[in-house]
Structure formats: C-alpha cells, structure tokens
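A closer look at the structure
Now for the letters of each chain:
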Amino acid sequence: MDSGKPKSKGGRQQGKSKRGKGNKHKPTPQAPQQRSEGTEQTSGVKPTPNTDVAKPVVEEPQGSTTTATTEQTQTDVPLLDRVSAGHRSSRYVPEADQSDPSNWMDVSDLLVKSAEEMELGEMLHIRDFDLHEAMSAVDMMDAKMDPGFKASTILTYDERIMLGLLPSSSTLTEIEVLGIMDKLLACEVAWYDGQPLTHTVYTCLYLHNIDKVTHPWLGPYIKLLIKTIDMIRKFVIDAAVYEEEDFSCSLPGFGVLDIVTPDVGAKIAMDSVNDLTNFIKELAPNHANKPILDAILSRLKLRKAIFLAYKSVTTNTFGEAYKQIKQAFDLLPSIKQTCNIGQTIPDGTFEPQIAKRLPMPVPVRHITLGSSEGAVDFLTRQISDILKINSIPSVINFQGLLHFACQLSQTNPGIIPRSWLLHTVACRDQVYSRTKMQFARDTVLALPTPPSRVNNPKSDTYFYDVDALWCETMRVMLFNQARQRRQLLGLASKWEECQNKALILETTLSPVEAKPARYLLFYLVQVKLQVLVRYLLLGFPLELYEPHEYLMIYWYADYLFDFHLMQYTECRNRAVSDTKEERSEKINKKNKGNKKKKPSKVKPPNLTMLYLTLCLHTTRGIFRFLAALKTAHILSDRPFPFGSEQSRFEQRFHVFSKFSYPPRIEYSQFCKTANYSAYSTHLTHHNANVTDITQIPTEDIPKWQRLLVTNAVNADLLSKLTDLGSWQTRLGNLHFDFNLNPYFPTITFKH
C-alpha cells in the first residue's frame, strides 16, 4: 500500500481498492516482516492453495506510515476485505509458508486491531466470501451451528455398550420394548411432518447397529421401520410435490436403509407376527405380561400393514395397498388405548445430539417430539386422507379430480396423502382402468360436448395437450398452499397458450358454421378460470389480505364466478341442443318405422352448475354484507401510507390483465359498480338455495349451510339495529371467522 496516497478521515482510502488479479506472488519461507508503528505484526494464517483468492482488505490506522520495502511488497499478499456501504479498503500481511501445511500463523492481533477501527455496519472477510458461503458457514464454537462443538461428549452405540451405559437389546424387558416402539412411532411421525431423520428416527441408538439388535420383536420392528422409511422416501421423491418445509429427504450419512429387500422384509413381517401370536397363545390367560405382549403384537401388526402397503405401491398394485392401509387404520384405536403402558425406556436409548457423531455431522436442532397418543392421532388423520383417495373411482373425469384435490388441500394434509393422490392419478399410464387419453375425452364429453367433436381423429393432438396439462395441474394443486399459489399463474398461462391451438382446431372441425360452437376452446377457458379463482381465494388461508381489502377481493371474485357461470351455461345449453340433434339422427336411422318413444330419464343435477352457483351466491352475499358494514361505518377504511385504494386494487389484480378471458376490469369500473350506498341500512343478504346445495357431494356442505344461515341472521340483525342507532353497544366489534370455510368468512360481532 502506497503511503503517498491521500486518505480520508479515519484512515480510509478514498474510492474502492482494486482487486488486481495479477498480484500473484510466490511464497517464500522467510520469517514474517515487521511493520512500522501503527501496523500489526502478523504471524499469518494457514495458507490456502489459491493465493489469488485470499486478498486482503483492512484499512491502515490513521496517521500510520508504511515503510515496506520492495521485497516486502512482493512477499505480502492480500488477506482480508473490509467492507462498508460503498467503501472497500485493504491491508496486506505476509504470506505463510505453503510448503508446510501444518504451519499455522496467528492472526489474532490483526483481527483485534481491525475490530477496534471498524464501525457499525462494516464487515471483515476474505475476498471470495459471498452470500452463499454466509448461508452455509459454520459459526465456530456455537452449540447450535457447530456440529463439532463438544462432539466428543456424545457417545455412540458401541461406546455406550462398551461402557455399560446402554443395555443390550437381548436383555430388554417387554415393557421397555413397548416404550421404545412408542417413542419410535413419535419420531417417525415427526419425520412425516418435515423434521430430518437425524433428529427424529435416528436418535434411537439401536438403529445405528441393527445387526446387534437381537431381540425377537424389537429387531424385526426396527428392520421393518427402516425399510418402510426407505420406501416412503423414494415414494415422496418420485411424486415431487414436496418442498423443504414439507419433507426432509436427506440421509444421515450411512446406507442402513437398504438393510433388507422388500421381499425379505415381507417375510420378516409375517414371521415376527406369527411367532409372537403363537407365543401369546401358549401363555396362561391371566399371565401378568399378556396385556403388554398384546400391545407389542398390535404394533408389529401396524408395522407389517404399513410396510406391505408401500411394498404394494412400488409394484403399482394399489388395490392391495389400500387393503393394507385399511388394516393399519383399524389397528390404531387399540394402539391408542395402550399408549399409557409403554412409559419405561432405558436411559441412553435415545440421544438427541447424536447427529454430531454421524459420518456426515449436521448442526443439532432442538425438536420437541409429541406424545405417543399424538402420534396415533396424526397417523389416524393421515391414513383417513389416504382412504378418501380410494373413493376417487366414483369420479368420472379430470374435473372431478381437480375438485377433489382442492377439497383435500383445504385440510392442509401432509406430504404422504398428497403423494398418494398424485401416484394414483398422474404417475401411471392409466387412471382407474382407463387410459389418460380416454379419461381426457370423458372429461370434455361431460361438459357436455357433442361426441362428434370429441371422437374426431383430428382432435387427438388436442387431447394429448389436455392430458399433459392435466397431469401438471394435478401436481401443482398438490403442493402446499403457499407454493401452490406461486405456480398457479404460470399454470394458467399454459392453459391460455393451449387455447390458440384449440381455436384453430375448432375452425377446421366446423368450417361451414357462421358462429361455430367453441366447445374444445371453452373447456380450456373453464379450467383456466378455475385456476385463477383459486389463485385469488388462496390469499385468505395464507392471510395475504387485510380486512379493509375484503370488499375489492370479493367483488372481483363475484365477477370471476359470474363470468364463469355465464360462459358455462351458454356453452352447455348449446352443447345439449347439438347432442340431442346428433342422437336423434342416429335413432331415426335405426328405428325408421318404429314410432314408440322411450320414456325420458330423470337427469341428475349438474354438479358444476350447482357448485358455481353456490360460490357465486356466497361471494355476492358476503360482498353485500361488507358493503353495508362500510356504509354504516362499521367496516372502517384503513389508510394507505404508501399509496391509495387504486394502487392497491391495481397491485392485487394486475396479474389478471395478461389473460384474454375474462376481460380485464379497471379500477374505474370497480368504483362505478361497487355502489355501497345501495346497501345502506336495509340489507338483503344474497343466499343460496339450501335445498339445491345439499345435492353437492362434499363433506363441507353442512358447514357451508351454517355459514350462509349465520351471515343471513347477522345481516338481518345489523339492518334492524342500524335503524335504531344502537349497533355498536349491542353487537360489539366486527370479527371474521374462517373456521367453517377457508375462503368465505362467517361475519360475527364480539365484545
């Protein structure tokens, strides 16, 4: 560093220092040079192979002078960068002897002196330091970040056995085996919930040396558990609907997951259950250990059923898989009743910090495991969701599958049920004994669409595209809600791109019609509208909207539902007419002379129209309720410190402007149509017909009915009290409750 350069206040150089890629110097094994007063005597640091990377930047103290000779300048290399806002300065220190890797050099004085000179907001680092390294860096001597901190105090399985701190598995009592099984179940459930294996299942030291676990019931249980984990891990990875917050697929660093093959595991499961069953039969009916042995047997049966279920999934025999899952579900109530028995676990069996001693050490995180009863409840909910998926064969098309996936997503299921659903409907060539192509044709026929359009060979390319988009749509719908919302707009854009191909196809299929019916085109528009509505409504469970924004959100949702229902009704009416004409022509050709008419069948209600009508009326009723609340000054306006209502409107809905359908709505249109004064005091709550909505096959209809009735009663009460001027003293504060439905609130008043 040239001492003749001007320096700013505090000894900082003016401007930025040059990185100087050409300053490469050969190391010399000479002793460190002494600096003049004001500089540190550095004994260096351990050399790095790339000397061009470790280039210094620490400023000289104010008033110091540099008397380094030419020889010193050649042997000095940059060590550290000192960075503040818009400023970089450097300090050079002698380089260590690279010929001896063990020659460490003390740089403590340099760091201490630099810390005295640095100000708040500055950082000292080597030149190649970046944000990625900052995220993956290890905070040395920090118990939470440094996996090697006090690692020698953590004893492994072999060390504990050698010191007599852990009993051999062959000496475990029945009550201890039951306690270990229950805690392993709690650890397994924690892994299902997104925690890593190193902090859950592999905290049990018996899993680290399975060959030495010779207990006749604990040994098979552990082997089946490990192989089940291996199959579930591959099962979830293949489905690819998980994110880092959903599931941890990392391994602890040693390949114990392949301890047994699926066929060997099935034999172990059968033999262990049969052996224990025969052993219990030989005991006296009043034997003291019989309740404990029965509890162990139920847990072995549970482990066997889950293992065989995932073994069947690997071979795509889902019928057998659901049969085994049902057996596991039936075992859970009896297991929960005996959870209070297994409370005795030998000391040292579970080591929460064993991750420090694994072949690939990882920082230890504090994880609170739930109780064994809580683990059984978690499995009950998880298996119940899986069994619901088995009812999908009653769904006749992709539209029903999409509705089922959205309903399943409302309950925030774990990664396992979501992976089951995707493997069931999208990861195979067939969907319930029908090819995906035929399933796509059945979906469009259910619009309804004239069969001549669907079965035309020219439409094969169209259905190939629909099939591919549907698989991707199902995958997106099975991500967690936060990740799902990020991908919905991109998904809607792909459906929009497919519309152009469909428009060309429709023109070729009906060239003589003045106004050809766009059945294939409208189907794509219908799915895109569903995706856009879901994008808008997902903001409520994700808590992205403030209450003062609810008016504009439900106003726009009302517009989307109304546009969707109008387009669907128009296209369906024309399709019904065209389909009747085609069928009548065929019947007339077959039955020329037969004038007998067959009695007309009673048609079932159109579920799509019922559901759209229900959503439209619910949305419109909530909007009117909110408008009346705003007119009565009960729903207060929140100031926009960084904008206005118009900027917030444009921010919320500008994403819809890039789509051709539905047409874009401007803020001026919102101001004209959202007339709050029309709902001033006498409020007419727009309600859905309760008799009609009961025909929709969904479990949420009773809750939906409660929501509609509660809002209607509260709206009527508000209208009466507003006339009396006593709403605030009689009602209390406004409250939005989303417990009955994640997208539509129950509007109540609480003191």
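With that out of the way, let us pick up the overall build of the protein. Tallying secondary structure elements over the protein gives 24 helices and 7 strands in all. Considering only residue pairs separated by 6 or more positions, the protein has 78% of its internal contacts joining residues 24 or more positions apart. With the model as given, the accessible surface of the protein reaches about 37600 Å², and the carbon-plus-sulfur share is 53%.

Time to look at the pattern of salt bridges. For the structure on display, the rule yields 25 salt bridges. Here Glu472 makes a salt bridge to Lys494, at a shortest N to O gap of 2.4 Å. Of the two residues, Glu472 sits in helix α15 (residues 460-477) while Lys494 sits in helix α16 (residues 481-509), which places them 22 residues apart along the sequence. Of the residues examined, Glu472 reaches a relative accessible area of 29% and is grouped as partly exposed. Linking Arg648 and Glu549 is a salt bridge whose minimum nitrogen-to-oxygen distance equals 3.0 Å. In this pair, Arg648 is assigned in helix α20 (residues 645-653) and Glu549 in the loop between α17 (519-537) and α18 (550-590), connecting sequence segments 99 residues apart. Note on Arg648: relative accessible area 23%, which makes it partly exposed. A relative accessible area of 0% means that Glu549 is categorised as buried. Each of Lys227, Asp230 and Lys234 takes part in one network of salt bridges that share partners.

Bringing the packing of α16 against α17 into the picture now. Put simply, α16 and α17 touch, their axes get as near as 8 Å, and they point 170° apart. With respect to α17, the element α16 is oriented roughly antiparallel. Split by residue class, the contact of α16 with α17 holds 19 nonpolar, 2 polar and 5 charged.

All right, on to the packing of helix α11 (residues 398-410) against α15 then. At a closest axis distance of 10 Å, the pairing of α11 and α15 adopts a crossing angle of 10°. Comparing the axis directions of α11 and α15 gives the class roughly parallel. Here Phe398, Gln399, Leu401, Leu402, Ala405, Cys406 and Ser409 of α11 come into contact with α15, specifically with Asp467, Trp470, Thr473, Met474 and Met477. Across the contact of α11 with α15, the residue classes tally to 8 nonpolar, 3 polar and 1 charged.

With that settled, the discussion passes to a nonpolar patch on the surface. Side chains of Met162, Leu163 and Leu165 sit close together on the surface and give an oily, nonpolar patch of about 360 Å² of accessible area. Along the chain, Met162 turns up in helix α4 (residues 157-163). The class of Met162 is exposed, set by a relative accessible area of 72%.

Right, let's talk about the packing of aromatic side chains for a bit. Under the counting rule described, the total for this entry stands at 35 aromatic pairs. Ring geometry for Trp704 versus Phe744: centroids 5.7 Å apart, planes at 35°, classification tilted. Highlighted residues: Trp704 in helix α23 (residues 701-724) and Phe744 in the loop between β6 (733-737) and β7 (746-750), separated in sequence by 40 residues. There is no split in this pair, since Trp704 and Phe744 are both buried. Joined through ring pairs, the aromatic side chains of Tyr535, Trp555, Tyr556, Tyr559, Phe563, Phe649, Phe653, Phe656, Tyr667 and Phe670 make up one cluster. If you follow Lys183 out to its NZ or CZ, it ends over the ring of Phe350, 4.7 Å from the centre. Across from the ring centre of Tyr221, 5.2 Å away, lies the NZ or CZ of Arg303, which sits over that ring.

Quick look at the nonpolar core now. Ranked by internal contacts, the top residues of the largest apolar core, which has 181 residues, are Trp420, Leu421, Tyr462, Tyr556 and Leu626. Not counting residues within four places of it along the chain, the set of residues in contact with Tyr556 comprises Leu536, Phe649, Phe653, Phe656 and Ile665.

Next up on the list: the environment of Ser459. Tracing the backbone through its elements, the reader meets Ser459 in the loop between α14 (451-454) and α15. For the pair Ser459 and Glu506, spaced 47 residues apart in sequence, the C-alpha separation works out to 9.1 Å.

It is worth spelling out helix α9 (residues 318-337) at this point. In a regular helix each residue adds 1.5 Å, so 20 residues correspond to 28 Å; α9 covers 30 Å between its end C-alpha atoms and thus fits that length. Considering bend angle alone, the principal kink of α9 is centred on Leu331 and spans about 30°; proline Pro333 follows within four residues of it. Listed as buried for α9 are Phe318, Ala321, Tyr322, Gln324, Ile325, Ala328, Leu331, Leu332 and Ile335. Buried positions along α9 lie against α8 (290-314), α10 (372-389) and α12 (415-425).

Rules used in this analysis
- Residues numbered from 1 in each chain as written.
- Predicted model: local features only at pLDDT ≥ 70, side-chain atom pairs only at ≥ 80, totals over all residues.
- Heavy atoms only, no water.
- Helix = DSSP H or I, 4+ residues; strand = E, 2+ residues; numbered from the N terminus.
- Contact = heavy atoms within 4.5 Å.
- Areas by Shrake-Rupley, 256 points an atom, 1.4 Å probe, with all protein chains shown as cover.
- Salt bridge = Lys/Arg side-chain N within 4 Å of Asp/Glu carboxyl O.
- Buried < 20%, exposed > 50% of the residue type's maximum accessible area, 1.4 Å probe, protein only.
- Axes fitted to C-alpha atoms, helices over the stretch in contact; angles between N-to-C directions.
- Parallel < 35°, antiparallel > 145°, perpendicular 65-115°, else oblique.
- Nonpolar A, V, L, I, M, F, W, Y, C, P; charged D, E, K, R; others polar.
- Patch = residues over 30% accessible without salt bridge, like charges linked within 9 Å, V, L, I, M, F, W, Y side chains within 5 Å.
- Phe/Tyr/Trp six-rings, centres within 6.5 Å; stacked < 30°, edge-to-face > 60°.
- Lys NZ or Arg CZ within 6 Å of the ring centre and 35° of its normal.
- Core = buried A, V, L, I, M, F, W, Y, C linked by side-chain atoms within 4.5 Å.
- Expected span 1.5 Å × (residues − 1).
- Bend = angle between axes of the 7 residues up to and from the residue.

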